[in-house]
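Coordinate inspection notes
Now for the letters of each chain:
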Amino acid sequence: MRRLSEAFYQFAITLWVGGLWAIGYLAAPVLFAELGDRQLAGVLAGKLFALIGWFGLGAALYLMVFLFARSGARALRQAGFWLVLLMAGMAAVQVFGIQPLMAQLKLNALPREVMESVFRDRFATWHGISSIVYLLQSLCGLGLVLWSGRGLR
């Protein structure tokens with residue numbers, strides 16, 4: 001059972017961090033480059049970002065439970081635990097804070113597109129903040145992958 005839980009631990013990290021990088025730095029740019037409709041590209045990218053955010057929250061829960069089950073209170077002294085907690089915090093900020101705020105700005109702009117409305121500047125500001133949070137989460141994910149590759153220390 002221990003080997004299965006350790007394999008699932010590595011699998012959760014791989015899916016979460018790989019998903020962050022694949023969606024943020026491959027799929028979303030391709031959507032905007034290839035689709036003629038930037039609004040549609042934004043909607044699809046937003047759905048992908050929401051999906052990886054929710055997945056990240058679930059993965060973080062498993063990863064923290066795993067680390068506590070494996071190491072007890074010593075987990076609090078492990079860099080991996082703090083990276084997971086930090087990444088989960090950033091995912092929560094995105095899922096429960098920034099994404100709903102941006103969705104509300106889009107609704108407020110109707111019947112126009114948000115970038116053609118008086119909400120353009122606020123939306124652009126929050127989009128920039130979201131991008132910075134996502135980049136930081138992605139870099140923490142890289143750190144987590146490197147840390148976990150050292151044998152769950």
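Above this text is the structure in question.
My aim in this report is to walk through the structure given alongside it, one point at a time. (Residues numbered from 1 in each chain as written. Predicted model: local features only at pLDDT ≥ 70, side-chain atom pairs only at ≥ 80, totals over all residues. Heavy atoms only, no water.)

**Quick word on the overall build of the chain**
In plain terms, the rule: Put simply, DSSP H or I for four residues or longer makes a helix, DSSP E for two residues or longer makes a strand, and each gets a number counted from the N terminus. Relative accessible area decides the class of each residue, using a 1.4 Å probe on protein chains only: under 20% of the type maximum gives buried, over 50% gives exposed, and in between gives partly exposed. Every residue pair with non-hydrogen atoms within 4.5 Å of one another is taken to be in contact. Surface accessibility follows the Shrake-Rupley procedure with a 1.4 Å probe radius. Residue values consider only the protein chains on display as shielding. When charges are counted, Lys and Arg are positive and Asp and Glu negative, with His and the chain ends excluded. Here the site of a charge means atom NZ of a Lys, CZ of an Arg, CG of an Asp or CD of a Glu.
Along the chain, the regular secondary structure elements total four helices and zero strands. For the chain, the sequential pattern of α-helices and β-strands runs α-α-α-α. Counting only residues that meet the buried cut, the chain has 37% of its 153 residues in that class. Long-range pairs, those at least 24 residues apart, make up 72% of the contacts in the chain with a sequence separation of at least 6. For the chain, the exposed surface amounts to about 9,000 Å²; the carbon and sulfur share of it is 70%. Positive and negative charge centroids in the chain, built from 13 and 6 side chains respectively, lie 20 Å apart.

**As for the packing of helix 1 (residues 2–34) against helix 3 (residues 79–109)**
Where we set the bar: In this analysis, axes come from line fits to C-alpha atoms, helices being fitted only over the stretch in contact, and the angle between any two N-to-C directions falls in the range 0 to 180 degrees. Put simply, angles under 35 degrees are roughly parallel, angles over 145 are roughly antiparallel, angles from 65 to 115 are roughly perpendicular, and the rest are oblique. Crossing handedness: left-handed means the near helix sits turned counterclockwise from the far one by under a right angle, and right-handed means the same turn made clockwise. Just so you know the grouping, Ala, Val, Leu, Ile, Met, Phe, Trp, Tyr, Cys and Pro go in nonpolar, Asp, Glu, Lys and Arg go in charged, and all remaining residues, Gly too, go in polar.
One can describe the packing of helix 1 onto helix 3 by two numbers: an axis separation of 13 Å at closest approach and a directional angle of 45 degrees. In terms of axis orientation, helix 1 runs oblique to helix 3. When the axes of helix 1 and helix 3 are compared, the crossing they make is left-handed. Contacts between helix 1 and helix 3 pair Trp 16, Val 17 and Leu 20 from the former with Val 84, Met 87 and Ala 88 from the latter. Residue composition of the contact of helix 1 with helix 3, grouped by class: six nonpolar, no polar and no charged.

**Remarks on the nonpolar core**
Put simply, the rule reads: Working definition of a nonpolar core: buried Ala, Val, Leu, Ile, Met, Phe, Trp, Tyr and Cys residues. They are joined through side-chain atoms within 4.5 Å.
Formed by 33 residues in total, the largest nonpolar core has its most connected members in Tyr 9, Trp 16, Leu 63, Leu 67, Val 84, Met 87 and Leu 144. Among the elements of the structure, helix 1, helix 2 (38–71), helix 3 and helix 4 (120–148) are those that each provide at least two residues to this core. The element contributing the most residues to this core is helix 3, with 10 residues.

**Things to note about the packing of aromatic side chains**
Our working definition: Two aromatic rings from Phe, Tyr or Trp, using only the six-membered ring of Trp, form a pair when their centres are within 6.5 Å; if the ring planes differ by under 30 degrees the pair is stacked, by over 60 it is edge-to-face, and anything between is tilted.
Tallied over the entire structure, the rule returns 10 aromatic pairs. A centroid spacing of 6.4 Å and a plane angle of 40 degrees characterise the contact between Phe 8 and Phe 11, whose relative ring orientation is tilted. Linking Phe 8 with Phe 11, this pair stays in helix 1, spanning three residues, or about one helical turn. Judged by centre distance (5.2 Å) and plane angle (90 degrees), the ring pair of Phe 81 and Trp 82 falls under edge-to-face. By relative accessible area, Phe 81 is classed as buried at 5%.

**Brief notes about the packing of helix 3 against helix 4**
Put simply, helix 3 and helix 4 touch, their axes get as near as 9 Å, and they point 160 degrees apart. Judged on the interaxial angle alone, helix 4 and helix 3 are roughly antiparallel. The crossing of helix 3 and helix 4 is left-handed. Along the lines of polarity and charge, the residues of the contact of helix 3 with helix 4 split into 20 nonpolar, seven polar and two charged.

**Some remarks on unusual backbone geometry**
A cis amide bond links Leu 110 to the next residue, Pro 111, at an omega of 10 degrees. With respect to the helices, strands and loops of the structure, Pro 111 is situated in the loop between helix 3 and helix 4.

**Examining the pattern of salt bridges**
Which entries qualify depends on this criterion: The term salt bridge refers to a side-chain nitrogen of Lys or Arg lying within 4 Å of a carboxyl oxygen of Asp or Glu.
Summed over all chains, the structure comprises two salt bridges. Residue Glu 6 is joined to Arg 2 by a salt bridge in which the shortest nitrogen-to-oxygen separation is 3.1 Å. One end of the pair is Glu 6 and the other is Arg 2, both in helix 1 and four residues apart, which spans about a single turn. Across the salt bridge formed by Glu 6 and Arg 70, the nearest N and O atoms sit 3.5 Å from each other. Of the two residues, Glu 6 sits in helix 1 while Arg 70 sits in helix 2, which places them 64 residues apart along the sequence. Owing to a relative accessible area of 22%, Glu 6 belongs among the partly exposed residues under this scheme. What makes Arg 70 partly exposed here is its relative accessible area of 33%. When salt bridges that share partners are traced, they join Arg 2, Glu 6 and Arg 70 into one network.

Remember that the coordinates give geometry; whether it matters functionally is a separate question.
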